[in-house]
Amino acid sequence: MKIYLDAMGGDNAPRATVEGALEAMNLYPELQVELAGPMEQVQPVVDEVFASSTARDRLTLTDCQEVITNCESPVMAVRKKKNSAIVDGMLKLRDGQVDAFVSAGSTGAVLAGGMFRLGRIQGIERPALAPLLPNGKDYFLLIDCGANVDCRPEYLHQFALMGKAYMQGMRGIENPRIGLVNNGAEAEKGCALTKETYPLLEGDKNLNFVGNIEAREITNDAADVIVCDGFVGNVILKFMEGVAGTLMGIIKKEIFADTRGKLGGLLAKPAFKRVKKTMDYSEVGGAPLLGVRGCVIKAHGSCNAHAIACALKQAILMYESDVVGKIQQGLVCAETETVTE
């Protein structure tokens, strides 16, 4: 399997991307990585990190002199910067030269590249970003988390179908529970979007729809797939990140406040490490861009090497689980049922 990796994506590039590539290649002996970026910046790091590694034979370097930054208009950048890793990688994924694409770069550029260079799955109106987030027992999928700020009910219906396919293929959940984010559990609650979306999800026999999910229930294992528009999803995602960081800070401060706290903290240190690992985004890797015609993983902008390695691992599992094929199959089933009715 061959994965295209944007060498200059993220705050810690190219060091993190190069080291992450090596970590993943050591875990997967069959994995090949195409690392793309300005060679004058990437080559010296590769020479250092891969100096004594036999995995160097499975690493291909591609000189992409243009880098798309977060300060640019994503659509214009994708159109103009044809010699950027994001554009080059999407085109190679489209043409079957690589099996998956991973970048920690500009989210907007990855979305635009997926839409305009790679292309959407037939029948999908809007691709969506869908990160896995902890719920105390395992993980739930939040879809969408920022790709589509303004949505129509049919978009959210498609998000549910894509989320179902992803959780079946990636998490092994045969019939994932689908929940709709709302300000109340009753069907008549919510804004116009959620009121119109509810009957679409409830009426789809291919979905295990469990109803509306209030914000306080999102992290309480209420559903395996949480559906919402990109504005609400991004607020949920950022709020969870902020709360997790604040709580860990408060706990750390109180532990070191007195001697008894320090002793208790020492005894509880292994438990705290497990909690931190559960809440750590780097263990998941990144958010898949669902709805495009290929396996695309958008990693967090502040990724370290381990997070990049996990993103590559996620791309491998997504490809091997044929998530794109499952989404296509789910759309066919939904269309067939609609025609029959």
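Structural notes, computed from the coordinates. Numbering of residues begins from 1 in every chain and follows the order in which that chain's sequence is written. pLDDT decides what is reported in this predicted model: residues at 70 or higher carry local features, side-chain atom pairs at 80 or more are listed and counted, and totals for whole chains, interfaces and linings draw on all residues regardless. To get the side-chain values, all heavy atoms of the structure are used, and hydrogens and water are removed first.

1. A word on the overall build of the chain
Okay, step 1: Scanning the chain from terminus to terminus reveals 11 helices and 12 strands.
Okay, step 2: Taken over C-alpha atoms, the radius of gyration comes to 21 Å for the chain, in line with the 20 Å a tight globule of 341 residues would show.
Okay, step 3: The principal-axis extents of the C-alpha atoms in the chain amount to approximately 65 × 60 × 35 Å.
Okay, step 4: Whether a residue is buried, partly exposed or exposed follows from its accessible area with a 1.4 Å probe, protein chains only, as a fraction of its type maximum: under 20%, in between, or over 50%, in that order. Taken across its 341 residues, the chain has 50% of its residues classed as buried.
Okay, step 5: The contact criterion used is simple: two residues touch if any of their non-hydrogen atoms lie within 4.5 Å. Residue pairs at least 24 apart in sequence account for 73% of intrachain contacts in the chain once pairs closer than 6 positions are excluded.
Okay, step 6: Where accessible areas are quoted, they stem from the Shrake-Rupley method and a 1.4 Å probe; at the residue level, only the protein chains shown are allowed to cover. Per element, the accessible surface of the chain, about 16,100 Å² overall, is 53% carbon and sulfur.
Okay, step 7: Two residue types count as positive, namely Lys and Arg, and two as negative, namely Asp and Glu; His and chain ends fall outside the count. The location of each charge is read from NZ of Lys, CZ of Arg, CG of Asp or CD of Glu. Charge centroids of the chain, computed over 36 positive and 42 negative side chains, lie 4 Å from each other. Runs of E in the DSSP output that reach at least two residues are strands. Runs of H or I that reach at least four are helices, and both are numbered from the N terminus. A radius of gyration in this sense is built from C-alpha atoms; the matching globule rule multiplies 2.2 Å by the number of residues raised to 0.38.

2. Focus on the sheet that holds strand β7 (residues 139-143)
Okay, step 1: Spatially, the five strands line up as an open sheet ordered β6-β7-β10-β8-β9, and their pairing is mixed. Of all the strands in the sheet, just β6 (132-134) and β9 (208-213) have a single pairing partner and so form its edges. Here the average twist between neighbouring strands, direction ignored, is 30°.
Okay, step 2: Paired strands, in this sense, are two strands between which DSSP finds at least two bridges. Looking at chain direction, strand β8 (residues 177-181) and strand β10 (residues 225-227) are connected through three bridges and run parallel. Counted as the bridge partner of leucine 180 is valine 227 from β10.
Okay, step 3: Lines are fitted to the C-alpha atoms to define the axes, a helix being fitted only along its stretch in contact, and any angle between axes, read from their N-to-C directions, falls within 0 to 180 degrees. Each of β6, β7 and β8 touches helix α8 (residues 230-255); the most contacted strand, β7, lies at about 140° to it.

3. Points about helix α10 (residues 305-320)
Okay, step 1: Take the residue count of a helix, subtract one, and multiply by 1.5 Å to get its expected span. Over its 16 residues, α10 runs 23 Å from end to end, which matches the ideal 22 Å to within 8%, given 1.5 Å per residue.
Okay, step 2: Looking at α10, one finds that the buried residues are Ala305, Ala307, Ile308, Ala309, Cys310, Ala311, Leu312, Gln314, Ala315, Ile316 and Met318.
Okay, step 3: The distance from a side-chain oxygen at the start of α10 to the backbone nitrogen of histidine 306 is 3.2 Å, and the residue carrying that oxygen is asparagine 304.
Okay, step 4: Looking one or two residues past α10, aspartate 322 carries a phi angle of roughly 55°, positive in sign. N or O atoms closer than or at 3.5 Å make up a polar contact, with two conditions inside protein: a donor-capable atom paired with an acceptor-capable one, and, for residues adjacent in sequence, both atoms drawn from side chains.

4. Comments concerning the packing of helix α1 (residues 15-27) against α10
Okay, step 1: Two elements in contact, α1 and α10, have axes whose closest approach is 7 Å; the angle formed by their N-to-C orientations is 50°. Taken as axis vectors, α1 and α10 run oblique relative to one another. By crossing handedness, the relation of α1 to α10 is classed as right-handed. Contact with α1, carried on its side by Ala16, Thr17, Glu19, Gly20, Ala21, Glu23 and Ala24, involves Ala305, His306, Ile308, Ala309 and Leu312 of α10 and no other residues of that element.
Okay, step 2: By residue class, the composition of the contact of α1 with α10 is seven nonpolar, three polar and two charged. Roughly parallel here means an angle under 35 degrees, roughly antiparallel means over 145, roughly perpendicular means 65 to 115, and every remaining angle is called oblique. Here a crossing is taken to be left-handed if its near helix is turned anticlockwise relative to the far helix by less than a right angle, and right-handed if that turn runs clockwise. Gly is put with the polar residues, along with every residue not named as nonpolar or charged; the nonpolar set is Ala, Val, Leu, Ile, Met, Phe, Trp, Tyr, Cys and Pro, and the charged set is Asp, Glu, Lys and Arg.

5. Some thoughts on a nonpolar patch on the surface
Okay, step 1: Excluding any residue in a salt bridge, patches collect residues exceeding 30% relative accessible area, merging like charges within 9 Å and nonpolar Val, Leu, Ile, Met, Phe, Trp and Tyr side chains within 5 Å. Should a side-chain nitrogen of Lys or Arg be within 4 Å of a carboxyl oxygen of Asp or Glu, the pair is scored as a salt bridge. There is a patch of nonpolar side chains on the surface, built from Phe239, Val243, Leu247, Met248, Ile250, Ile251 and Phe272 and spanning about 600 Å² of accessible area.
Okay, step 2: At six residues, α8 tops the list of elements feeding residues into the nonpolar patch.
Okay, step 3: Assignment of secondary structure puts phenylalanine 239 in helix α8.
Okay, step 4: For phenylalanine 239, a relative accessible area of 59% gives the class exposed.

6. Section: the packing of aromatic side chains
For any two aromatic rings, the description comes down to two numbers: the centre-to-centre distance and the angle of the planes.
Okay, step 1: Aromatic rings from Phe, Tyr and Trp, taking only the six-membered ring of Trp, are treated as a pair when their centres fall within 6.5 Å; an angle between ring planes under 30 degrees marks them as stacked, one over 60 as edge-to-face, and anything in between as tilted. Applying the stated criterion to the full structure yields two aromatic pairs.
Okay, step 2: Measuring from centroid to centroid gives 5.9 Å for tyrosine 4 and phenylalanine 101, while their planes differ by 25°, and the two rings are stacked. Of the two residues, tyrosine 4 sits in strand β1 (residues 2-6) while phenylalanine 101 sits in strand β4 (residues 100-103), which places them 97 residues apart along the sequence.
Okay, step 3: Between tyrosine 198 and phenylalanine 209 the ring centres are 5.1 Å apart and the planes differ by 80°, which places this aromatic pair in the edge-to-face class. With tyrosine 198 in helix α7 (residues 192-203) and phenylalanine 209 in strand β9, the pair connects residues that are 11 residues apart, well separated along the chain.

7. Comments concerning the nonpolar core
Okay, step 1: Nonpolar core, defined: a set of buried Ala, Val, Leu, Ile, Met, Phe, Trp, Tyr and Cys residues in which side-chain atoms within 4.5 Å join the residues together. Phe50, Ile143, Phe159, Tyr166, Val227, Leu290 and Ile327 are the most contacted members of the largest nonpolar core, which totals 68 residues.
Okay, step 2: Tallying contributions element by element places helix α6 (residues 153-171) first for this core, with 10 residues.
Okay, step 3: Counting 36 residues, the second-largest nonpolar core is a separate cluster that includes Ala36, Leu111, Ala223 and Val296.

8. Details of the pairing of β9
Okay, step 1: As paired elements, β8 and β9 share five bridges and run parallel to each other. By the bridge assignment, isoleucine 178 is partnered in β9 with phenylalanine 209.

Keep in mind these numbers describe shape, not what the thing actually does.
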